[in-house]
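A look at the structure
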Amino acid sequence: MSSCKKILLVNAVEWAPIYPLDHPLRNVPRWYQRHFDSDPNVEWLVRGYGELPVAEAISAADGVIMTGSPRDAWTDDPINELMCDVVRSCLDSLKPFLGVCYGHQILGRTLGANVGRHPAGLQLGPVLMNLSDEGKQDALFDGTGDSFEALSGHADYVAEIPKETVLLASGGVTTVQGIRWGERIYGVQFHPEMNADILQFLWQARITDWKGKASFDLAQQVAAIHDTPVGVKVLKNFVEKLSLIHI
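Residues numbered from 1 in each chain as written. Predicted model: local features only at pLDDT ≥ 70, side-chain atom pairs only at ≥ 80, totals over all residues. Heavy atoms only, no water.

**A word on the overall build of the protein**
When you go through the protein residue by residue, the secondary structure sums to nine helices and 11 strands. What you see for the protein is a C-alpha radius of gyration of 17 Å, in line with the 18 Å of a compact globule of 247 residues. Reported as C-alpha extents along the three principal axes, the dimensions of the protein are approximately 55 × 45 × 35 Å. Burial statistics for the protein: of 247 residues in total, 55% are counted as buried. Considering only residue pairs separated by 6 or more positions, the protein has 75% of its internal contacts joining residues 24 or more positions apart. With an accessible surface of roughly 11,000 Å², the protein has 50% of that area assigned to carbon and sulfur atoms. In the protein, 21 positive and 30 negative side-chain charges are present, and the distance between their average locations comes to 1 Å. (Helix = DSSP H or I, 4+ residues; strand = E, 2+ residues; numbered from the N terminus. Rg over C-alpha atoms; globule rule 2.2 N^0.38 Å. Buried < 20%, exposed > 50% of the residue type's maximum accessible area, 1.4 Å probe, protein only. Contact = heavy atoms within 4.5 Å. Areas by Shrake-Rupley, 256 points an atom, 1.4 Å probe, with all protein chains shown as cover. Lys, Arg positive; Asp, Glu negative; His and termini not counted. Charge placed at Lys NZ, Arg CZ, Asp CG, Glu CD.)

As structure tokens, this is what we get:
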């Protein structure tokens, strides 16, 4: 029996030409994998945009993570439908799943919740997350404390708690920051995988395009982003505690 855990990472990011091909931070899998470099018992199965996972890839994994994306999860298009199919497969098989930002919104959409533009617009940078009573008892948040900072970068949101889910965390102007369906199906609106360098890399290139769209000085906000090391515990808890042991 092997103790190796196989994590399927569904990379939903579409890179715009403004991001240099050779930039070391233009590597979404590394945003996640780097937190487990010292753990030889975690194996990553990566499916990028355009090579979405088939049923066999999901079946072979002990847990599935769906990343964030510049895509809008609420639009009706073939890619979003395929992403919803990934979530449905995890729901049907009770496969441990963690949706991050866009992945969280795809989970909410699949569960029938209203997903759309946040009325407050773009939210960017560290946000104080507050756990619900259920969140305080959930293994996903072991070691975070009742409140903790996590990095955020989104203009869309899950507008309501999906049916048959438990609200685990709220923060800032977004009520639905963390949810659980069943025992091991999770979504978090924030980014436990990121640090300040990654989030600044993503948004420094977009300051001009987003000028006037944010309710704050975007350049100043980007410069002020700082690391939130407690937030990564959520990612580590999912991989180390909530994924099934591969047999």
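**A short note on the layout of surface pockets**
Its boundaries defined by the atoms lining it, the largest pocket holds a volume of some 630 Å³. Lining of the largest pocket is provided by 34 residues; of these, Ser69, Pro70, Arg71, Trp203 and Arg206 occupy positions nearest its centre. Secondary structure elements with two or more residues in the lining of the largest pocket: α1 (28-33), α4 (102-110), β7 (147-154) and α6 (196-204). Here the residues of the lining of the largest pocket sort into 18 nonpolar, nine polar and seven charged. (1 Å grid on protein atoms, 1.4 Å probe; cavity = no way out; pocket = protein on both sides within 12 Å on 5 of 7 lines; lining within 4 Å. Points joined across faces, edges and corners; volume = space filled by probe spheres on them. Nonpolar A, V, L, I, M, F, W, Y, C, P; charged D, E, K, R; others polar.)

**Thoughts on the sheet that holds β7**
Read across the open sheet, the nine strands follow the order β2-β1-β3-β4-β11-β10-β9-β6-β7; overall the sheet is mixed. Looking at strand neighbours, the two that pair on one side only are β2 (42-47) and β7, the edges of this open sheet. On average, adjacent strands in this sheet sit at an angle of 25° to one another, irrespective of strand direction. Strand contacts of helix α3 (residues 78-93): β1 (5-10), β3 (63-66), β4 (97-100), β10 (174-181) and β11 (185-188), with the helix running at about 155° to β3, the strand carrying the most contacts. (Pairing = 2+ DSSP bridges. Axes fitted to C-alpha atoms, helices over the stretch in contact; angles between N-to-C directions.)

**Considerations on α3**
Every α-helical turn comprises 3.6 residues, leaving residues that sit three or four positions apart pointing alike. Here α3 spans 23 Å end to end across 16 residues, near enough to the 22 Å set by a 1.5 Å rise per residue. Listed as buried for α3 are Ile79, Asn80, Met83, Cys84, Val86, Val87, Cys90 and Leu91. Here the buried residues of α3 occupy an arc of 150° about the axis, which is enough to place them on one side. Residues Pro78 and Asp92 are exposed on α3 and point more than 90 degrees away from its buried face. Capping the start of α3, Asp77 holds a side-chain oxygen 3.1 Å from the backbone nitrogen of Ile79, two or three residues further along. (Expected span 1.5 Å × (residues − 1). Arc of directions from axis to C-beta. Polar contact = N/O pair within 3.5 Å; in protein donor to acceptor, adjacent residues only side chain to side chain.)

**Quick word on the packing of aromatic side chains**
For any pair of aromatic rings, the description rests on two quantities: the centre-to-centre distance and the angle between the ring planes. Tallied over the full model, the rule gives eight aromatic pairs. Their ring planes at 70° and their centres at 5.1 Å tell us that Trp15 and Tyr19 sit as a pair that is edge-to-face. Its relative accessible area of 7% is what places Tyr19 among the buried residues. Relative to Phe190, the ring of Phe148 has its centre 5.8 Å away and its plane inclined at 80°; by these criteria the two rings are edge-to-face. Note that Phe148 is positioned in strand β7 and Phe190 in the loop between β11 and α6, a separation of 42 residues in sequence. Of the two residues, Phe148 and Phe190, both sit in the buried class. (Phe/Tyr/Trp six-rings, centres within 6.5 Å; stacked < 30°, edge-to-face > 60°.)

**Focus on the side chain of Arg109**
Relative to the helices and strands, Arg109 resides in helix α4. Among the polar contacts made by the side chain of Arg109, one reaches the main-chain carbonyl oxygen of Thr75 at a distance of 2.6 Å. Setting aside its immediate chain neighbours within four residues, Arg109 contacts Ala73, Trp74, Thr75, Asp76, Asn80, Glu81, Cys84 and Val115.

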